[in-house]
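# Breakdown of the fold
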Amino acid sequence: MEKRTELYRGKAKTVYTTDDPERLILHFRNDTSAFDGEKVEQLDRKGMINNKFNNFIMDKLEAAGVATQIDKVLSDTETLVKRLDMIPVECVVRNYAAGSLVRRLGVEEGQELSPATFELFLKNDALHDPMINETHAVAFGWATAEQLAQMKSLTFKVNDVLKQLFDDAGMLLVDFKLEFGVAADGSIVLGDEFSPDGCRLWDKETRKKLDKDRFRQGLGGVVEAYEEVANRLGVAL
Ligand code: UDP
């Protein structure tokens, strides 16, 4: 597998083309960003932890029947993935109130949500990722109704699998964001990443934050928290 040119540089990962037109390389960097890229810091070891963490989680999801873009791990910070045509819509499931939900609705952080909620956001930094609904996504051609239905059902399936996985390791899966893409055969496949950068995880007993809120809120110990999550799950770092 030969790495060719940089295709896209996101806030935490860089995507490279390869000699195989159907395969890309994801490089997990140490850059950590919040508030649409306004706050950026380099956190030593974070790229390696997120790459290994993401591969561990995606393996669990594949085993549960969720198609993911992972092909194989190439190094501590690089993974070979199937090329997807990414859908510019973020899917968020929440089991407890936090973050933008608390800001938007004035509800109390930590309130358990029953049923778990589902939200869509347009991936657009300049517009600060505005919340949208399914009719916006279809009307503007970001996704078809069929694709959205599949994305929603897959996101809830991921919630079922991961809520249990984190619960068994003494953590609450508060909320998380997923991104999907369309594979060469037209099927919907889970892309991007699942790591503490894109979800909220609290210790079950103390409700200590173990995710990127430590960075957003300047609580310190960001990488240490990510490492703790990985250790509790048995991810080999
Ligand atoms: N999230 C993300 N990328 C985004 C926006 C949100 O990964 O661009 C994740 C975030 O880490 C959290 C969940 O999606 O786990 C819900 O985020 P929320 O809507 O509460 O927004 P935030 O408070 O992160 O701005």
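First, a word on what this report is: a plain description of the structure on this page. (Residues numbered from 1 in each chain as written. Predicted model: local features only at pLDDT ≥ 70, side-chain atom pairs only at ≥ 80, totals over all residues. Heavy atoms only, no water.)

### Thoughts on the site of the ligand
Around the ligand sit 17 residues, and of these Arg94, Ser100, Asp175, Arg200 and Arg216 come closest. At a separation of 2.7 Å, an oxygen atom of the ligand approaches a polar side-chain atom of arginine 94. Here arginine 216 contributes a side-chain N or O atom positioned 2.8 Å from an oxygen atom of the ligand. Those elements giving two or more residues to the shell around the ligand turn out to be strand E8 (85–96), helix H2 (99–105), strand E11 (171–182) and strand E13 (199–203). Its residues assigned to classes, the shell around the ligand shows five nonpolar, three polar and nine charged. (Near = heavy atom within 4 Å. Polar contact = N/O pair within 3.5 Å; in protein donor to acceptor, adjacent residues only side chain to side chain. Helix = DSSP H or I, 4+ residues; strand = E, 2+ residues; numbered from the N terminus. Nonpolar A, V, L, I, M, F, W, Y, C, P; charged D, E, K, R; others polar.)

### Points about the pattern of salt bridges
In the structure shown here, the tally under the stated rule is 25 salt bridges. Across the salt bridge formed by arginine 45 and glutamate 227, the nearest N and O atoms sit 2.2 Å from each other. Here arginine 45, found in the loop between strand E5 (39–42) and helix H1 (46–63), pairs with glutamate 227, found in helix H6 (residues 222–233); they are 182 residues apart in sequence, far enough to count as distant. (Salt bridge = Lys/Arg side-chain N within 4 Å of Asp/Glu carboxyl O.)

### Describing the pairing of E5
Where strand E4 (residues 31–34) lies against E5, four bridges are found, and the strand directions are antiparallel. Residue pairing across strands places aspartate 31 opposite glutamine 42, the latter belonging to E5. Linkage of E4 to E5, two consecutive antiparallel strands, is achieved through a turn of four residues, within which phenylalanine 35 is found at a positive phi near 55 degrees. (Pairing = 2+ DSSP bridges.)

### Comments concerning the layout of surface pockets
A volume near 160 Å³ is recorded for the second largest pocket. As for the second largest pocket, its lining consists of Asn95, Tyr96, Glu112, Leu113, Ala116, Lys163, Asp167, Met171, Leu172 and Leu173. For the lining of the second largest pocket, the secondary-structure elements that each account for two or more residues are E8, strand E9 (112–122), helix H4 (145–168) and E11. By residue class, the composition of the lining of the second largest pocket is six nonpolar, one polar and three charged. (1 Å grid on protein atoms, 1.4 Å probe; cavity = no way out; pocket = protein on both sides within 12 Å on 5 of 7 lines; lining within 4 Å. Points joined across faces, edges and corners; volume = space filled by probe spheres on them.)

### Section: the side chain of lysine 13
For lysine 13, the location among the structural elements is in strand E2 (residues 13–18). There is a polar contact of 2.9 Å between the side chain of lysine 13 and the side chain of aspartate 192. Here lysine 13 is in contact with Tyr8, Leu26, His27, Phe28, Arg29, Asp192 and Glu193, once residues within four sequence places are set aside. (Contact = heavy atoms within 4.5 Å.)

### Observations regarding unusual backbone geometry
In the segment running from serine 114 into proline 115, the intervening peptide bond is cis, with an omega of 5 degrees. Tracing the backbone shows proline 115 in strand E9. Unusually for a residue other than glycine, aspartate 129 sits at a positive phi of about 45 degrees.

### What to know about the packing of aromatic side chains
Under the criterion given, the structure shown has five aromatic pairs. Three or more aromatic residues joined by ring pairs make a cluster, and in this case those are Phe166, Phe176 and Phe194. Over the aromatic face of tyrosine 16 sits the side chain of lysine 3, whose NZ or CZ is 4.1 Å from the ring centroid. Between lysine 39 and the ring centre of phenylalanine 215, over which it is positioned, the NZ or CZ distance is 4.6 Å. (Phe/Tyr/Trp six-rings, centres within 6.5 Å; stacked < 30°, edge-to-face > 60°. Lys NZ or Arg CZ within 6 Å of the ring centre and 35° of its normal.)

### Re the packing of H1 against H4
At a minimum axis separation of 10 Å, H1 and H4 run at an interaxial angle of 120 degrees. Considering the angle they form, H1 stands oblique to H4. Considering only the axes of H1 and H4, their crossing is right-handed. Contacts from Phe53, Phe56, Ile57, Lys60 and Leu61 of H1 reach H4 at Val158, Val161, Leu162, Leu165 and Phe166. For the contact of H1 with H4, the class distribution of residues is nine nonpolar, no polar and one charged. (Axes fitted to C-alpha atoms, helices over the stretch in contact; angles between N-to-C directions. Parallel < 35°, antiparallel > 145°, perpendicular 65-115°, else oblique. Left-handed = near helix turned anticlockwise from the far one by under 90°.)

### Describing the nonpolar core
In a soluble, globular protein the nonpolar side chains are often hidden away together inside. Ranked by size, the top nonpolar core spans 45 residues in total, and within it Phe53, Ile57, Phe166, Phe194 and Leu233 carry the most contacts. If near-sequence neighbours (up to four positions away) are discounted, phenylalanine 166 is found in contact with Phe53, Ile57, Met171, Leu173, Phe194, Leu201, Val229 and Leu233. The next biggest cluster of nonpolar side chains, apart from the first, holds eight residues, and it includes Ala34, Leu43, Val222 and Val223. (Core = buried A, V, L, I, M, F, W, Y, C linked by side-chain atoms within 4.5 Å. Buried < 20%, exposed > 50% of the residue type's maximum accessible area, 1.4 Å probe, protein only.)

### Comments concerning H6
Helical periodicity: at 3.6 residues per turn, an α-helix aligns residues three or four positions apart in one direction. With 12 residues, H6 extends 17 Å from end C-alpha to end C-alpha; this agrees with the ideal 16 Å at 1.5 Å per step. By the burial criterion, the buried members of H6 are Val222, Val223, Ala225, Tyr226, Glu227, Val229, Ala230 and Leu233. In the segment just after H6, glycine 234 is the residue with positive phi, at about 85 degrees. (Expected span 1.5 Å × (residues − 1).)

### Concerning the sheet that holds E2
Across the sheet, which stays open at both edges, the five strands sit in the order E1-E2-E3-E7-E6 with antiparallel pairing between neighbours. Both outer strands of the open sheet, strand E1 (3–9) and strand E6 (70–73), are each paired with one neighbouring strand and no more. When strand polarity is set aside, the average angle formed by the axes of neighbouring strands in this sheet is 30 degrees. In this sheet, E2 lies alongside E1 in antiparallel orientation, the contact comprising four bridges. Bridged to arginine 9 within E2 is threonine 14. The sheet contacts of H1 involve strand E3 (23–28), E6 and strand E7 (78–82), and relative to E6 the element is tilted by about 130 degrees.

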